[in-house]
Amino acid sequence: MVASYYLLKPFYSLAWRLLDLFCKRRETVFYCHSTVDMQNWLPIQKYLIPLRIVSDKPHTRRALRQMGYRVSPLPAFPKAVIMCRVASHKFPSRKVIKIGMTHGAYHFKRIGSASHYKPFSLYLYTSAKDLANAQARGITCGKVGGYPKLDPYLNQAKSSSPANARKRIVFTATYDSSGMSGIHLWLERLPELTSKYDIYVSLHPWMNAKIVKRIEAMPTVTYLKDMPLQAIWEADACIVDSSSIIGECCAFDKPMISWKVPPTPRSVPEIEALLPTISLRISTFDELPAAIERALSNPEEQRAGREAANAIFFDNLDGKAGERSAQEILKLLPELKL
């Protein structure tokens, strides 16, 4: 648990108890760390009564308000909180019921300590294998909820480009300080591809700001900020390293090219073993042009591998993960039923 939990707990707990004494705590709120959390939450929210959104991040509140949402700052003193993070310390009282879910597809980095999950009454994972991995780490509050973020796309027809259209390539990268990023392998040379393809880039929110500014300054590149899913849905091929966007590419059956990056203590051997079955593996930028052409010419080449990976990453790609997740939440908080 982070230090702020212990520093704030006595004051927060006292305030919560006093407020509950004078006005019984009945509200459930949704804690939003980043706007990307909304993509996973909204397919669940549609099956529940409307919940107030709260955030301690000024930039997140500004962005949500620009998107038309009402959002309140912390502190908040609800009966219960739902979040797409492991951030129970934002509500440092055992009296607050805490429900969490993963904000990415599966766990592409090693799951954290079980102690971080102890405050949760329920934590939702994207698949039975994801849950089993959590249980092996000693996490006991888990259930399978699926990956609601994908529901809006799985409930619509597959995308396709006109035969004569420029091909759309999405580059993705986890944050550079993780040691698991491929950003250094293509950042300098990315503009070389823009004369032939439409290039889109999605970077992890924790990516070094200097790198983000360099991408934003490239006039022939489209930077996707924190909402890349629509571009992945429309992409003809995706370039990945080790982030959970790999799962989203698999779900949408997109041809992938993956960078060979050295393993780190947070690497997951299972993912390393899967990558050659779902993506073309390369080590240098000089290998990339040929790999892109191969992926575009043979999009079904590794489809069987992607289908097998989907069975690991997700419970069911039927567009109903939001409904199933809502049902698990209602078992704890039946008053949220529409």
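Before any of the text, the structure's been laid out above.
Everything numeric in this text was worked out from a predicted model, so none of it was measured. (Residues numbered from 1 in each chain as written. Predicted model: local features only at pLDDT ≥ 70, side-chain atom pairs only at ≥ 80, totals over all residues. Heavy atoms only, no water.)

Some thoughts on the packing of aromatic side chains
Note the threshold: Stacked, tilted and edge-to-face pairs are distinguished by plane angle, under 30 degrees for stacked and over 60 for edge-to-face with tilted covering the rest, among Phe, Tyr and Trp rings (Trp via its six-membered ring) whose centres lie within 6.5 Å. Put simply, DSSP H or I for four residues or longer makes a helix, DSSP E for two residues or longer makes a strand, and each gets a number counted from the N terminus. Throughout this description, buried means an accessible area under 20% of the type-specific maximum (1.4 Å probe, protein chains only), exposed means over 50%, and partly exposed covers the range between.
Inspection of the entire model under this criterion finds 16 aromatic pairs. Consider the rings of Phe 108 and Phe 313, whose centres lie 5.1 Å apart with planes at 50°: the pair is tilted. Highlighted residues: Phe 108 in the loop between β5 (97–101) and β6 (122–125) and Phe 313 in helix α11 (residues 303–313), separated in sequence by 205 residues. For the residue pair Phe 108 and Phe 313, the accessibility class agrees, reading buried in each case. Plain terms: the ring middles of Trp 233 and Phe 252 are 4.9 Å apart, the flat faces sit at 80° to each other, and that makes the pair edge-to-face. With Trp 233 in helix α7 (residues 229–234) and Phe 252 in the loop between α8 (245–251) and β12 (256–259), this pair connects stretches of sequence that are 19 residues apart. With respect to class, Trp 233 is no different from Phe 252; both count as buried. Three or more aromatic residues joined by ring pairs form one cluster here, namely Tyr 106, Phe 108, Tyr 147, Phe 313 and Phe 314.

Section: the sheet that holds strand β4 (residues 80–83)
Condition: By this definition, two strands are paired if DSSP reports at least two bridges between them. Note on definitions: angles span 0 to 180 degrees between N-to-C directions of axes, and those axes are lines fitted to C-alpha atoms, for helices only across the stretch in contact. Contact between two residues is taken to exist if any of their heavy atoms lie within 4.5 Å; hydrogens are not considered.
The strand order β3-β2-β1-β4-β5-β6-β7 describes an open sheet built from 7 strands, whose pairing is parallel. In this open sheet, the two edge strands, each paired with only one partner strand, are β3 (71–73) and β7 (142–144). Strand-to-strand, the axes of this sheet are offset by a mean angle of 30°, without reference to chain direction. Inspection of the sheet shows strand β1 (residues 28–31) paired to strand β2 (residues 52–55) by 3 bridges, in the parallel sense. Within β2, the residue paired with Tyr 31 across the bridge is Val 54. Here helix α2 (residues 36–45) sits on the sheet in contact with β1, β2, β4 and β5, set at roughly 145° to β1.

Things to note about the sheet that holds strand β11 (residues 237–240)
The sheet built from 6 strands is open, its strands ordered β10-β9-β8-β11-β12-β13 with parallel pairing. Sheet topology places β10 (221–223) and β13 (280–282) at the edges, where each strand pairs with a single neighbour. Across the sheet, the mean angle separating the axes of adjacent strands is 20° when strand polarity is ignored.

Observations concerning the pairing of strand β8 (residues 168–173)
Side-chain direction in a regular strand flips from residue to residue, so the side chains alternate between the two faces of the sheet. Burial analysis of β8 places 6 of its 6 residues in the buried class, the great majority of the element. Burial along β8 is two-sided: Arg 168, Val 170 and Thr 172 and Ile 169, Phe 171 and Ala 173, pointing in opposite directions, are all buried. Sheet topology note: the β8/strand β9 (residues 198–203) ladder contains 6 bridges and is parallel. Its bridge partner being in β9, Arg 168 is matched across the sheet by Asp 198. Judged from the 3 bridges that link them, β8 and β11 form a sheet pairing that is parallel. By the bridge assignment for β11, Phe 171 is matched with Ile 239.

Re unusual backbone geometry
Here the residue pair Leu 74 and Pro 75 is connected by a cis peptide bond, since its omega of 10° sits within 30 degrees of zero. Of note, Pro 75 is situated in the loop between β3 and β4. Within the chain, Tyr 106 stands out as a residue other than glycine whose phi angle is a positive 65°. Mapped onto the elements of the fold, Tyr 106 is located in the loop between β5 and β6. The class of Tyr 106 is buried, set by a relative accessible area of 3%. Positive phi is not limited to glycine here, since Asp 253 has a value of about 55°. Along the chain, the position of Asp 253 falls in the loop between α8 and β12.

Here we look at the packing of helix α9 (residues 269–278) against α11
Note the threshold: Any angle between 65 and 115 degrees counts as roughly perpendicular, while under 35 counts as roughly parallel, over 145 as roughly antiparallel, and the rest as oblique. Take the far helix as the reference: if the near one is turned anticlockwise from it by less than a right angle, the crossing is left-handed, and if turned clockwise, right-handed. For this classification, Asp, Glu, Lys and Arg are treated as charged, while Ala, Val, Leu, Ile, Met, Phe, Trp, Tyr, Cys and Pro are nonpolar and the rest, including Gly, are polar.
At a minimum axis separation of 8 Å, α9 and α11 run at an interaxial angle of 150°. Taken together, the axis directions place α9 and α11 in an arrangement best described as roughly antiparallel. Helix-helix and strand crossings are classified by hand; for α9 and α11 the assignment is left-handed. Facing Glu 270, Ile 271, Leu 274, Thr 277 and Ile 278 of α9, the residues of α11 in contact are Gly 305, Arg 306, Ala 309, Ile 312 and Phe 313. Within the contact of α9 with α11, the residues separate by chemical class into 6 nonpolar, 2 polar and 2 charged.

Notes on the side chain of Ser 258
Let me state the cut-off plainly: Nitrogen and oxygen atoms within 3.5 Å of one another constitute a polar contact, given that in protein one can donate a hydrogen and the other can accept it, and given that sequence-neighbouring residues count only through two side-chain atoms.
Assignment of secondary structure puts Ser 258 in strand β12. Polar contacts involving the side chain of Ser 258 include one to the side chain of Ser 279, which spans 2.7 Å. Beyond its immediate sequence surroundings of up to four residues, Ser 258 is in contact with Val 240, Leu 275, Ser 279, Leu 280, Arg 281 and Ile 282.

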